[in-house]
Amino acid sequence: MMAEWEPQRGVQLTWPHKDTDWAPILPEITAVYEEMAREISKREALLIVASEKFTSHLSPLTSYLLTFTSNDTWARDHGFITVEETSDLRPQTSDLILLDFKFNGWGEKFPAERDNQINKQLFDKGLVKGVYEDHLDFVLEGGSIESDGKGTVFTTACCLLAPHRNQPLTAQQIEDRLKEYLGAERIVWLHHGSLIGDDTDGHIDTLVRICPDDTLLYTGGDEDHPDLARMEEELQALRTMEGKPYRLLKLPLPRPIYDTTAISHQPSAINRLPATYANYLVINGAVLVPTYNQPDLDQEAMHVIQQAFPDREIVGIDCRAVIKQHGSLHCCTMQYY
């Protein structure tokens, strides 16, 4: 499985529409998507999956458009996962493999039958290039795995072993499949770490991100997230395949942001939203970083991310609207190579 910072051909956005859960804030979320689209299209191709009624002044920036009405917009979890297959006989050549896994609404929490058809539509219409592989008998979301591009894949036990995903497979059986499908030599399972308000059962891309030069960016904790401190201890004990410690860079945790539309307007764990700076997107020449109108922490997070990606422009995008549906910037996107 390729590392996110490798050269990309394009990025997919699945556009919000009135029949998604975004309906109450459609203008607000559309503005965020338009900002993401502008930044992506400056640097690489932009692929948009949109409903039949899609209209946008950004249409000229769109390299590819699929008209298909989705259940929701989380391209990270319903999009193809790309791997590179290199032949032993021809090590200088490779094929890109498009892995189509089953997306089931994070363990059957939400409808996903239309989202789960998007990949085949993209492939059949020639909008993405590669060798199609059908793995629709296995549930796997792009946000639940992180690769260093050289044989190590990170994931979390709380997500991949959560109910209604791949039971009755055991952890070992799931690991064996990940190694086979993703071409991994090693699966690193993290057993701690989660965010209040997270619908995904602990996606790795909200917690820990692999970066070049054996660097890990990770979400720090607060008094409401003591399990993040235990996750930090796990990371400190980890070693690379060469037996060396990882370079660890801690991201701040945004100050609590609450869903003001909840039944109870009193701030509590019940309506706290899962804001995280770890949910950034690496693209050609830049890193798009979610921000939350917390200037001190936003700048601190961008500075830390710049340390991991010193040769890329760091671009902040206000994602307060995105977290109202319990995701953030990386969750909205999927890159293609």
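The preceding data block contains the structure.
Quick caveat, the model's predicted, so the values are computed rather than measured. (Residues numbered from 1 in each chain as written. Predicted model: local features only at pLDDT ≥ 70, side-chain atom pairs only at ≥ 80, totals over all residues. Heavy atoms only, no water.)

Considering the overall build of the chain
Here's step 1: On a plain count of helices and strands, the chain comes out with eight helices and 16 strands.
Here's step 2: Taking 337 residues into account, the globule formula puts the C-alpha radius of gyration at 20 Å, and the chain, at 19 Å, falls close to it.
Here's step 3: Expressed along its principal axes, the backbone C-alpha trace of the chain runs to roughly 60 × 50 × 45 Å.
Here's step 4: Looking at the chain as a whole, 58% of its 337 residues are labelled buried.
Here's step 5: Here the chain has roughly 14400 Å² of accessible surface; of this, 50% comes from carbon and sulfur atoms. (Helix = DSSP H or I, 4+ residues; strand = E, 2+ residues; numbered from the N terminus. Rg over C-alpha atoms; globule rule 2.2 N^0.38 Å. Buried < 20%, exposed > 50% of the residue type's maximum accessible area, 1.4 Å probe, protein only. Areas by Shrake-Rupley, 256 points an atom, 1.4 Å probe, with all protein chains shown as cover.)

Here's the deal with helix H1 (residues 26-41)
Here's step 1: End to end, H1 covers 22 Å across 16 residues, agreeing with the expected 22 Å (1.5 Å per residue, within 8%).
Here's step 2: Within the sequence span of H1, burial applies to Ile29, Thr30, Val32, Tyr33, Glu34, Met36, Ala37, Glu39 and Ile40.
Here's step 3: Buried-residue contacts for H1 involve strand E1 (10-14), strand E2 (45-50), strand E13 (281-283), strand E14 (286-291), strand E15 (313-318) and strand E16 (333-336). (Expected span 1.5 Å × (residues − 1). Contact = heavy atoms within 4.5 Å.)

Brief notes about the pattern of salt bridges
Here's step 1: Overall, the coordinates contain 21 salt bridges when judged by the stated rule.
Here's step 2: Close ionic contact of Arg165 with Glu141 constitutes a salt bridge, the shortest N to O distance being 3.2 Å. Placement of the pair is Arg165 in the loop between helix H5 (157-160) and helix H6 (171-182) and Glu141 in the loop between strand E6 (131-139) and strand E7 (146-147), with a sequence separation of 24 residues. Judged on exposure class, the residue Arg165 and its partner Glu141 are both buried.
Here's step 3: Connected through shared salt-bridge partners, Glu4, Arg76, Glu146 and Arg209 make up one network. (Salt bridge = Lys/Arg side-chain N within 4 Å of Asp/Glu carboxyl O.)

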